[in-house]
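# Reading the structure
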Amino acid sequence: MVNSISVLGSTGSIGTQTLDVAEKLHISVCALTAYSNIDLLEKQIRKFRPKLAVVFLEEQAQKLKERIKDTKTCVMSGMKGLISAAEIDSADIVLNALVGMVGLEPTLRAVEAKKNIALANKETLVAGGSLVMNAVTKNGVHLYPVDSEHSAVFQCLQGRPDEKSLKKIILTASGGPFFGKTKSELENVTLAQALNHPNWSMGAKITIDSATMMNKGLEIIEAYWLFGVDADQIDVVVHRESIVHSMIMYRDNSVIAQLGLPDMRIPIQYALTYPGRFESPTGELDLSQVENLSFSKPDYDTFKCMSLCKKALKIGGTAPAIVNGANETANRLFREDRIKFLQIGDLVENALENVAVTKADTLAQVLQADKSAREFVLSAVK
């Protein structure tokens with residue numbers, strides 16, 4: 001188990017639950033970062049007393065600095081601050097719960113600083129999978145998945161006798177708020193409807209990704225990099241109850257699943273305590289109280305984002321970064337009431353078809369692809 005942690009994105013859903021786990025396990029917190037929520041960040045600083053606090057927005061960072069001048073916590077801002085939090089000497093592990101592409105460079109810098117990574121920022125692997133995994137291997141560090149689905153696969157794989165024994169990975173999807181809906185029924189859905197997830201409490205961006213099923217498409221790409229399987233070895237099944245978090249199938253067709261209540265503190269804790277198991281703040285799963293465990297095929301036609309992610313993965317290079325960048329921008333435009341729900345998938349598809357795909361051998365190439373995809377979507381909407 002780790003002794004000290006740096007939490008990137010401490011005021012979000014994953015970040016706050018990470019601090020809950022850290023407190024119960026008596027793990028010290030050496031760095032905290034937020035985008036702009038200085039009210040919550042100040043409370044976290046006074047409770048956990050980190051050496052460093054980062055607010056991405058410079059103006060808010062200055063306000064926080066004034067508010068906590070009675071503490072010993074140093075305040076920084078911007079990408080420079082995030083990188084400092086990622087590289088901080090006293091951290092045994094860096095938990096990256098940032099939202100979006102902003103998480104890629106801090107992940108790379110943390111790995112280069114020989115830090116183990118607990119990764120909840122899926123865009124890091126979606127856009128820069130080759131860069132990150134090569135850096136992990138080169139620097140001899142560990143990368144532990146925090147997403148509930150990938151943590152489930154990781155846990156199931158602990159009994160794997162050898163790499164050839166794995167036949168496929170089966171990612172479960174809740175289906176979001178619009179499971180079973182047709183395209184015509186989704187034509188005029190509202191932001192409030194899209195944010196009404198049936199099982200999980202998440203940030204707005206991720207919740208919309210769940211509604212479009214882009215979240216699952218991104219997880220397919222993430223699984224490809226995490227577990228070293230071919231794209232065709234990754235399946236998705238809709239499981240509305242969110243009790244089975246994912247499964248693996250072995251070569252003999254035996255299926256192993258990881259089950260638990262829909263609570264992110266289990267995968268967070270496992271990433272921080274691997275390979276140990278400790279008492280959890282999460283409630284106990286009572287299967288006698290679960291009326292039904294249902295499974296069905298996803299609708300790849302209505303929810304095209306999943307298919308687009310698979311297509312990008314097979315194209316390779318910067319194609320996944322293009323899909324991710326286009327989606328981040330389209331997702332934001334929907335939340336700003338500038339486009340309709342179904343336009344998210346259409347814009348991602350158009351970006352993949354029109355933005356040039358290059359190699360993804362450097363951070364600069366990945367960031368350029370991301371930038372081009374975002375500019376394409378904004379231009380298309382204008």
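Residues numbered from 1 in each chain as written. Predicted model: local features only at pLDDT ≥ 70, side-chain atom pairs only at ≥ 80, totals over all residues. Heavy atoms only, no water.

Turning our eyes to something else, we now look at the sheet that holds strand E4 (residues 74-77). Judged by pairing direction, the sheet is parallel, and its seven strands sit side by side in the order E4-E3-E2-E1-E5-E6-E7 without closing on themselves. Strands at the two margins of the open sheet, each flanked by one partner only, are E4 and strand E7 (143-145). If you compare each strand with its neighbour and ignore which way they point, the axes differ by 20° on average. Of the strands in this sheet, strand E5 (93-96), strand E6 (116-119) and E7 are in contact with helix H6 (residues 122-139), which crosses E7 at around 145°. This element, helix H12 (residues 265-273), spans strand E1 (4-8), E5, E6 and E7 of the sheet and lies at about 155° to E5. (Pairing = 2+ DSSP bridges. Helix = DSSP H or I, 4+ residues; strand = E, 2+ residues; numbered from the N terminus. Axes fitted to C-alpha atoms, helices over the stretch in contact; angles between N-to-C directions. Contact = heavy atoms within 4.5 Å.)

Turning to its location among the elements, Gln17 is positioned in helix H1 (residues 13-25). When sequence neighbours within four positions are dropped, the list of residues in contact with Gln17 reads Asp263, Met264, Arg265 and Ile268.

This paragraph deals with the pattern of salt bridges. What the rule picks out here adds up to 26 salt bridges. With a shortest N-O distance of 3.1 Å, Arg46 and Glu42 are connected by a salt bridge. Residue Arg46 and its partner Glu42 are located together in helix H2 (residues 38-48), separated by four residues, close to a single helical turn. Across the pair Arg374 and Glu328 runs a salt bridge whose closest N-O atoms are separated by 2.8 Å. Of this pair, Arg374 sits in helix H16 (residues 363-381) while Glu328 sits in helix H14 (residues 319-335), placing them 46 residues apart in sequence. Owing to a relative accessible area of 13%, Glu328 belongs among the buried residues under this scheme. Through salt bridges that share partners, Asp39, Glu42, Arg46, Arg67 and Asp70 make up one connected network. (Salt bridge = Lys/Arg side-chain N within 4 Å of Asp/Glu carboxyl O. Buried < 20%, exposed > 50% of the residue type's maximum accessible area, 1.4 Å probe, protein only.)

We now examine the side chain of Asn215. For Asn215, the position within the fold is in helix H11 (residues 214-227). The residues contacting Asn215, other than those within four sequence positions of it, are Lys122, Ile206, Asp209 and Ser210.

Further remarks concern the packing of H1 against H2. Direction vectors running N to C along H1 and H2 enclose 10°, while the axes themselves pass 13 Å from each other. Classified by the angle their axes make, H1 and H2 are roughly parallel. Seen along the crossing, H1 lies across H2 with a hand that is left-handed. Contact residues: H1 offers Thr16, Leu19 and Glu23, while H2 offers Leu40, Gln44, Lys47 and Phe48. Grouping the constituent residues of the contact of H1 with H2 by class yields three nonpolar, two polar and two charged. (Parallel < 35°, antiparallel > 145°, perpendicular 65-115°, else oblique. Left-handed = near helix turned anticlockwise from the far one by under 90°. Nonpolar A, V, L, I, M, F, W, Y, C, P; charged D, E, K, R; others polar.)

Attention now moves to the nonpolar core. Residues Leu64, Leu95, Val146, Leu272 and Phe341 are the most contacted members of the largest nonpolar core, which totals 120 residues. Excluding anything up to four places from it in sequence, Leu64 contacts Ile38, Leu41, Glu42, Ile45, Ala53, Val55 and Val75. (Core = buried A, V, L, I, M, F, W, Y, C linked by side-chain atoms within 4.5 Å.)

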